[in-house]
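Notes for the structure review
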Amino acid sequence: MPELRQNFMTKEWVVIATERAKRPDEVAVHRPAKPALSYSPNCPFCPGNESQTPPEILRLPEGSGWKARVVPNKFAALSPQANPDRTIRRSLRSMAGFGIHDVIVETPNHSLAMASMPDSHVSDILRIYKTRYDELSLDPRIAHLTIFKNYGADAGTSLEHSHSQLVATPVISYQVRQRFQEALRHYDDYGCCIFCQLIDEELQEQKRIVLASEHFVALEIFASPSPFFTHIYPRRHMASFGDISAKEIADLGRVLRTLLAKLYYGLENPDYNFTIRTAPAELVGVRYFHWYMSVIPRLTRVAGFELGSGMFINTVIPEDAAEFLRNVRVETTVGVG
Ligand SMILES: [Zn+2]
Ligand SMILES: [Zn+2]
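Residues numbered from 1 in each chain as written. Chains lettered and ligands numbered in written order. Predicted model: local features only at pLDDT ≥ 70, side-chain atom pairs only at ≥ 80, totals over all residues. Heavy atoms only, no water.

1. Describing the nonpolar core
Defined as follows: The set of buried Ala, Val, Leu, Ile, Met, Phe, Trp, Tyr and Cys residues whose side-chain atoms join them within 4.5 Å is what this entry labels a nonpolar core. Only protein chains enter the calculation, and the probe is 1.4 Å; a residue is then buried if its accessible area is under 20% of its type maximum, exposed if over 50%, and partly exposed in between. Only runs of H or I of at least four residues qualify as helices and only runs of E of at least two qualify as strands under DSSP, and these elements are numbered from the N terminus. A contact between two residues is defined here by any heavy atoms of the two lying within 4.5 Å.
One finds Met-114, Tyr-129, Phe-228, Ile-232, Leu-256 and Trp-291 to be the most contacted residues of the largest nonpolar core, which totals 57 residues. Among the elements that take part in this core, helix H4 (residues 246–266) stands out by supplying eight residues, more than any other. When neighbours within four sequence positions are excluded, Met-114 is seen to be in contact with Glu-106, Val-122, Ile-125, Tyr-129, Lys-149, Ser-162, Leu-256, Arg-257, Leu-260, Tyr-272 and Phe-274. Ile-172, Ile-209, Leu-219 and Ala-279 belong to the second-largest nonpolar core, a separate cluster that totals 25 residues.

Below, the structure is given as structure tokens:
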């Protein structure tokens, strides 16, 4: 029988369509392989083309060159020059589009995907996120930070060269605010962090666990709105990504790289987004929120039912997706980089 499942935090309902359920491998993308070029002369992120990006904010050096660099987004959604003053006239509310929009160029190699990087290189990238996160959290104009990656055209990027982004905004969206309120309500009702409780319950049940390391747990979410919607939770309670320790960053690099490699090999290089969901600066240290990463392969499209009802139909059962990913063998580490 089909089943309706509700997300504990967003309260969204999803239809797990068992009647039209697909085997997990049926959603693989079967994309023809492209030639792997380590350099592309017209790419603004390739070494030698540094002048095509705005002036660098941060660089991770390697030899005479670099291993990763952070630059402002040339086509930034928001501007650091604006002043975030609000204008409120009855029903019309607006403010100047203040914000900071970084691009993290993750490697000098034009076609190296994060799934194929050494674990330690992924940890280096996470460390850059933390450096920028810590710096920008101190800016009183900034209310919220979003770190994300778009991989492939279906995930919203046309640039092939591996990169991720950080956007600092002067406001917190209602969607994000609501999640904090739900988490706070749970804390008030039950006296514990809903995420810590979820991690315990999922580890007991095991059915949706993809991989578990010393410090992190990756799992298919119970009310998964789309196939292979995966969360990575730190085992230790932390409200903010900025609280991550050096040991945890090393471990997360390994876990994230392994998960991306499982998607890469298991589903034949799907497009995906990942994002870090973390408490804003004003909520650092709260007991009721727990940061995490969402990794979302873009295997399906939103259609009329989703647009009209706000409910999603998922044709891959999350427990089957977890089992499938557990069985995709990837080497535990690539090189030592
Ligand atoms: Zn490039
Ligand atoms: Zn927690």
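2. A look at a nonpolar patch on the surface
Stated precisely, the cut-off is as follows: Only residues whose relative accessible area exceeds 30% and that form no salt bridge are eligible for patches; like-charged ones are grouped when within 9 Å, while nonpolar side chains (Val, Leu, Ile, Met, Phe, Trp, Tyr) are grouped when within 5 Å. Reported accessibility uses the Shrake-Rupley method at a 1.4 Å probe radius. Residues are deemed covered only where the shown protein chains occlude them. The salt bridge definition used is simple: a Lys or Arg side-chain nitrogen within 4 Å of an Asp or Glu carboxyl oxygen.
A cluster of nonpolar residues, Val-302, Leu-307 and Phe-312, forms a patch on the protein surface that exposes about 300 Å² of accessible area. Position of Val-302 relative to the elements: it lies in the loop between strand S14 (292–297) and helix H5 (304–309). Relative accessible area serves as the criterion here: at 51%, Val-302 is assigned to the exposed category.

3. Considering the coordination of the zinc ion (ligand 1)
Short version of the rule: Metal sites are built from N, O and S donor atoms within 2.8 Å, or 3.2 Å for Na, K and Ca, and they leave out water, so they may look incomplete. Between 85 and 135 degrees for all angles marks four donors as tetrahedral; over 155 degrees for opposite donors together with 65 to 115 for all other angles marks four donors as square planar and six as octahedral; every other arrangement is irregular.
With distances of 2.0 to 2.3 Å, the protein atoms coordinating the zinc ion (ligand 1) are Cys-43 (SG), Cys-46 (SG), His-110 (ND1) and His-161 (ND1). For the zinc ion (ligand 1), the four donor atoms in the first shell make angles of 101 to 121° at the metal, so the coordination geometry reads as tetrahedral. Spacing between the donor residues of the zinc ion (ligand 1) along the chain follows C-x2-C-x63-H-x50-H. Here His-110, found in the loop between strand S7 (100–105) and helix H1 (119–137), pairs with His-161, found in the loop between strand S8 (144–151) and strand S9 (163–169); they are 51 residues apart in sequence, far enough to count as distant. Assigned by exposure class, His-110 and His-161 land together as buried.

4. Here we look at the pairing of strand S4 (residues 65–72)
The following threshold applies: DSSP-based pairing: two strands are paired if at least 2 bridges between them are found.
Within S4, six of the eight residues are buried, leaving the element largely enclosed by the surrounding structure. Relative to S4, strand S3 (residues 58–62) runs antiparallel, the two sharing five bridges. Its bridge partner lying in S4, Glu-62 is registered against Gly-65. Following S3, the chain reverses through two residues before pairing antiparallel with S4; Gly-63 in that reversal takes a positive phi of roughly 55°. Looking at chain direction, S4 and S7 are connected through four bridges and run antiparallel. Each bridged residue has a counterpart across the sheet, and for Pro-72 the counterpart in S7 is Asp-102.

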